[in-house]
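What follows is each chain in one-letter form.
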Amino acid sequence: MATNPNWAFVTEVYPLDYLDSIWTGLEPSVLKRADNSIVVWELDGVSDSLGMQYANKEDFSSLIAMTKIAKAMDRGRPGWGFSYGNLPLDAGLVMGSCIADQLSPFETKTPIMTNSVGSDFRTKWFEFVRDNEEALLKTDRIADVGVWFSPATKTFHDFAQGGVYGMYLDLDPPPGADSWWAVLPELSLRGTDHLAGWRGAAYALNEMHVPYKAVVDPGDPVGEMQGLSLMWLPSVTVLSDASAQMLRDFVSNGGTLFATGLVPGSMDEHGVARAQSNLADVFGFTSVGPGQGPRMQSFGQGSAIFRPDIKGVDLFETGGAAGAAALKEVNHGKVEQIVRIHTPDRIIADEVGEGVYITVSEAS
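All of the points below concern the structure found in this document. (Residues numbered from 1 in each chain as written. Predicted model: local features only at pLDDT ≥ 70, side-chain atom pairs only at ≥ 80, totals over all residues. Heavy atoms only, no water.)

**Thoughts on helix α3 (residues 88-100)**
Right, on to step 1. Counted at 1.5 Å a residue, the expected span for α3 with its 13 residues is 18 Å, and the 18 Å between its end C-alpha atoms agrees.
Right, on to step 2. Every buried residue of α3 is listed here: Asp90, Ala91, Gly92, Val94, Met95, Ser97, Cys98, Ile99 and Ala100.
Right, on to step 3. Lining the buried residues of α3 we find α2 (57-73), β3 (80-85), β4 (104-109), α4 (119-131), α5 (133-137) and β5 (141-142).
Right, on to step 4. Gln102 lies just past α3 and shows a positive phi near 65 degrees. (Helix = DSSP H or I, 4+ residues; strand = E, 2+ residues; numbered from the N terminus. Expected span 1.5 Å × (residues − 1). Buried < 20%, exposed > 50% of the residue type's maximum accessible area, 1.4 Å probe, protein only. Contact = heavy atoms within 4.5 Å.)

Okay, structure coming up:
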């Protein structure tokens, strides 16, 4: 059978890092793609009918985390991201989030793919992209921190522990917001360990203005870790021996391995429990149980840090309550101290305040 080499195939893929990949049977991290194919990643808004109009900054950070995952799973190929919006303000923020992570925006007004927020909006944004295409879409971003994302942990741990969906965090939509994704506790990412750990890490790094990237396992972790100073493992319970060796080499060669939440590598790649973590030598673990306390030790030329007291969901400021804000301040303080010590001060952006997302690129 002959094929036309001039044909290009564009495929919509909507499960990203959340648990819907289990229900659909489509895990995008292992998606095989032909050379003449492009993926359009469906980045759903916090409301199916109103996009990100009512989203708080924690949920907007979740959208940014999804653009990071989409870019990582493009494996170096060009890709598109659905830029769903309702009004010019939230639509522009979504458009900016896509562009910041080098996803070409597929502009549309939620929930219909063939609608637009408006011709004036589209003209303004696409003229801006056209005039700055080289810097915005063709110049690779620089990262100092990698956050390890493990679809197998999502499947064998988060789902097995009762996780159901986990696209967004907020359970309390404001008046006037409908079609909310997380209307029940089991639909929020709050009930997960690894997914909330990855999203919480992304939120903390966004707030600190520290450049980071998603490192998706399976894939090319060795290539993706090139140039990183610190690798963050947020409750990565599932870890193959091959991936553990990649991480062992990373820290042995001078990197910092930062594990939070649950003991990493307590299950193999098939979800079978191990008697001992396959990173026990790196961290000095004596068991895989909850009794493993905070620790730091040298390994090779690098350092391994384990902080079981830093849970993903605790890195969010949930609902603005004083207690939650104080908890966030404490946990962000722990994380920031570690990150600042072990990564270069590439950006000093204290004056811009919170809620500003920054990526960095450097022209060759």
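Having seen the model, we can carry on.
**Points about the packing of aromatic side chains**
Geometrically, a pair of aromatic rings is defined through the distance of the ring centres and the angle of the planes.
Right, on to step 1. What the rule picks out here adds up to 15 aromatic pairs.
Right, on to step 2. Judged by centre distance (5.1 Å) and plane angle (20 degrees), the ring pair of Phe283 and Phe285 falls under stacked. One exposure class covers both Phe283 and Phe285, and it is buried.
Right, on to step 3. By the ring-pair criterion, three or more aromatic residues cluster together here, those being Trp80, Phe82, Tyr84 and Phe106. (Phe/Tyr/Trp six-rings, centres within 6.5 Å; stacked < 30°, edge-to-face > 60°.)

**Quick look at the pattern of salt bridges**
Right, on to step 1. Under the criterion given, the structure shown has 14 salt bridges.
Right, on to step 2. Residue Asp17 is joined to Arg199 by a salt bridge in which the shortest nitrogen-to-oxygen separation is 2.8 Å. Taken as a pair, Asp17 in the loop between β1 (9-13) and α1 (20-24) and Arg199 in helix α7 (residues 194-208) lie far apart in primary sequence, 182 residues in all.
Right, on to step 3. Since its relative accessible area comes to 0%, Asp17 is described here as buried.
Right, on to step 4. Across the pair Asp144 and Arg346 runs a salt bridge whose closest N-O atoms are separated by 2.7 Å. (Salt bridge = Lys/Arg side-chain N within 4 Å of Asp/Glu carboxyl O.)

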